[in-house]
Amino acid sequence: MIEKYYLWTVGCQMNRADSEKLAAGFTRLEMSETQDMQEADIVVLNTCSVRQHAEDRAYSQLGRVRQLKEKRPELKVAVMGCMVGLRTDDLRKRFPQVDVFARPQEFGPIMELVEGPAEDLGGEFWPSTYAVPDGPTAFVPVVHGCNKFCTYCIVPYRRGREKSRPLADVVRECAYLAAQGVREVTLLGQTVEAYGHDLPEQPDLGDLMRELQALEGIARIRFLTSYPRDMTGRILEAVAGLPRVMESFSLPVQSGSDAVLESMRRGYSRQEFVDKIAEVRTLMPAAGITTDVIVGYPGESDADFQQSFDLLEELRFDKVHVAAYSPRPGTIAWRTMEDDIPAETKAERLHRVEELESRISQEINNSYLGSVQPVLIEGIKGDQPFGRTETGKLVHLESPARVGSIVDVSIDHAGPWALRGTAVNALQLA
Ligand code: SF4
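Keep in mind that what you see is a predicted model, and the values were worked out from it rather than measured. (Residues numbered from 1 in each chain as written. Predicted model: local features only at pLDDT ≥ 70, side-chain atom pairs only at ≥ 80, totals over all residues.)

### Description of the domain arrangement of the chain
Taken domain by domain, the chain holds domain 1 (4–115), domain 2 (137–366) and domain 3 (372–423). With 18 residues of domain 2 at the contact, the number on the domain 3 side is 13 residues. The element that contributes the greatest number of residues to the side of domain 2 that touches domain 3 is helix α13 (residues 343–366), accounting for five residues. A class-by-class count of the residues in the side of domain 2 that touches domain 3 yields four nonpolar, nine polar and five charged. (Domains from an automatic or database assignment. Contact = placed C-beta atoms within 7 Å. Helix = DSSP H or I, 4+ residues; strand = E, 2+ residues; numbered from the N terminus. Nonpolar A, V, L, I, M, F, W, Y, C, P; charged D, E, K, R; others polar.)

Following this line, the structure appears as structure tokens:
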């Protein structure tokens, strides 16, 4: 009898959304979650292979599971997520303790392991099963997969090609979430602006936002992750024109060097990226924009790196997620490029970007001092409420506020990673 499940998740928001959906499927079978692997009847590891560190963590979980399964052979074990490719023979040989391997969004084999053959075991987007929200914010996947094949990235091989969810299905889920008290939905896609290209009516992300804007109860709509070439003027106009859509962008640049961008097959030049940011800021001067950068990519010269550094200094992002390149098995870069930048050089470049990032984030956050920002309260840590501004800045409150309310906060302290302030209209709703 399978009653208790232990669900371990690493990786991006899409993985978290997959885990929440799987948990909803388990809950429907009246199973309950345990935080203690020892107590579980089934262990599910939802894995990520974007960085070596995330894979290493999964291997260490698999080690724990092996010991447990030796003691309790009836324990069921499933591994899902980006570590699972099309062919699983290798994984099966390496990890015989695992009963089922499932690719991202492939809920069927896991549900079958739990309940045996059944009519509704999942399917793409599993439209009959919505994740149960655990707070006022929720992630809603709208497009799976990616068609871009950047040379360093494993995602297209693991999550497959872009596949959009029918618009009506997304609207139904958001209406359900609103009825459960959710105030903010984040529309998810590996390249979220690719939404709709493959649907018969070809709606775009802007069309979806317009539909969601009309939903009662949803006060904020966010979206990530953006891909510069898919971000059309039409979508940007929707973001700028719809008051409930937050002017907050996650727009990875990855490098400021044309040579490296080409080697990464990012599909745009440095200038095209600069123009895209200018387009966003012309329409929405106060928009919050974060980016991602990889340093130490194969062949990245000092001059290439300097171009990335200069670009970050010029464009002044709210936050920069910087990573040192590490080859991911199965990618084009892993197959065809030598990882030729010494570890010390990568570390030094990483450090320089982190220092720059911290200075610029601090300067941008200082500009919030003395202003009043509407903040959606997402939770309470200790006795301190926290939430986010429309532009996505984390704010800690020094006065009480109700989770799920939107409170005007007077900002009186700014650090590089967060703001602090006092509610000027505490306990106000909406
Ligand atoms: S756009 Fe490139 S980096 Fe992003 S998911 Fe697709 S292949 Fe990966």
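### Digging into the site of the ligand
As a structural note, the neighbourhood of the ligand is formed by C146, K148, F149, C150, C153, V155, P156, Q190, T191 and Y227. In terms of residue class, the shell around the ligand is built from seven nonpolar, two polar and one charged. (Near = placed C-beta within 6 Å.)

### As for the sheet that holds strand β16 (residues 406–414)
Strands sit in the order β13-β14-β15-β17-β16 around a closed barrel of five strands; the barrel is mixed. Taken pair by pair, the neighbouring strands of this sheet meet at an average axis angle of 50°, ignoring direction. Pairing of β16 with strand β17 (residues 419–423), which is carried by five bridges, proceeds in the antiparallel orientation. Within β17, the residue paired with V409 across the bridge is A423. (Pairing = 2+ DSSP bridges. Axes fitted to C-alpha atoms, helices over the stretch in contact; angles between N-to-C directions.)

### Let's talk about the packing of helix α6 (residues 167–179) against helix α7 (residues 205–213)
Here α6 crosses α7 at 35°, and the two axes come no closer than 10 Å. Along this stretch, α6 crosses α7, giving a crossing that reads as right-handed. Within the contact between the two elements, α6 uses L167, V170, V171 and C174 and α7 uses L208, E211 and L212. Here the contact of α6 with α7 is composed, by residue class, of six nonpolar, no polar and one charged. (Left-handed = near helix turned anticlockwise from the far one by under 90°.)

### Regarding helix α4 (residues 108–115)
Burial in α4 covers these residues: I110, M111 and V114. The buried residues of α4 occupy an angular sector of 95° when the element is viewed end-on, so they sit on one face. Where α4 is buried, its residues contact α1 (13–28), β3 (42–47), β4 (76–81) and β5 (100–102). Residue G116 follows α4 closely and has a positive phi angle near 75°. (Buried ≥ 20, exposed ≤ 12 C-beta atoms within 10 Å, placed from the backbone. Arc of directions from axis to C-beta.)

### Re the sheet that holds strand β8 (residues 184–189)
Pairing in this open sheet of four strands is mixed, and the strands run β7-β6-β8-β9 from one edge to the other. Either end of the sheet is taken by a strand with one partner, and the two such strands are β7 (163–164) and β9 (220–224). Taken together, the two bridges between strand β6 (residues 137–144) and β7 define a ladder with antiparallel strand orientation. Note on β7: the bridge partner recorded for V143 is S164. Across the sheet, α1 is in contact with β6 and β8; its angle to β6 comes to roughly 105°.

### Observations regarding α7
Turning to α7, its buried residues number three or more, namely L205, G206, L208, M209 and L212. With its buried residues spanning 160° around the axis, α7 presents them on a single face. On the buried face of α7, the contacting elements are β6, α6, β9 and α8 (233–241).

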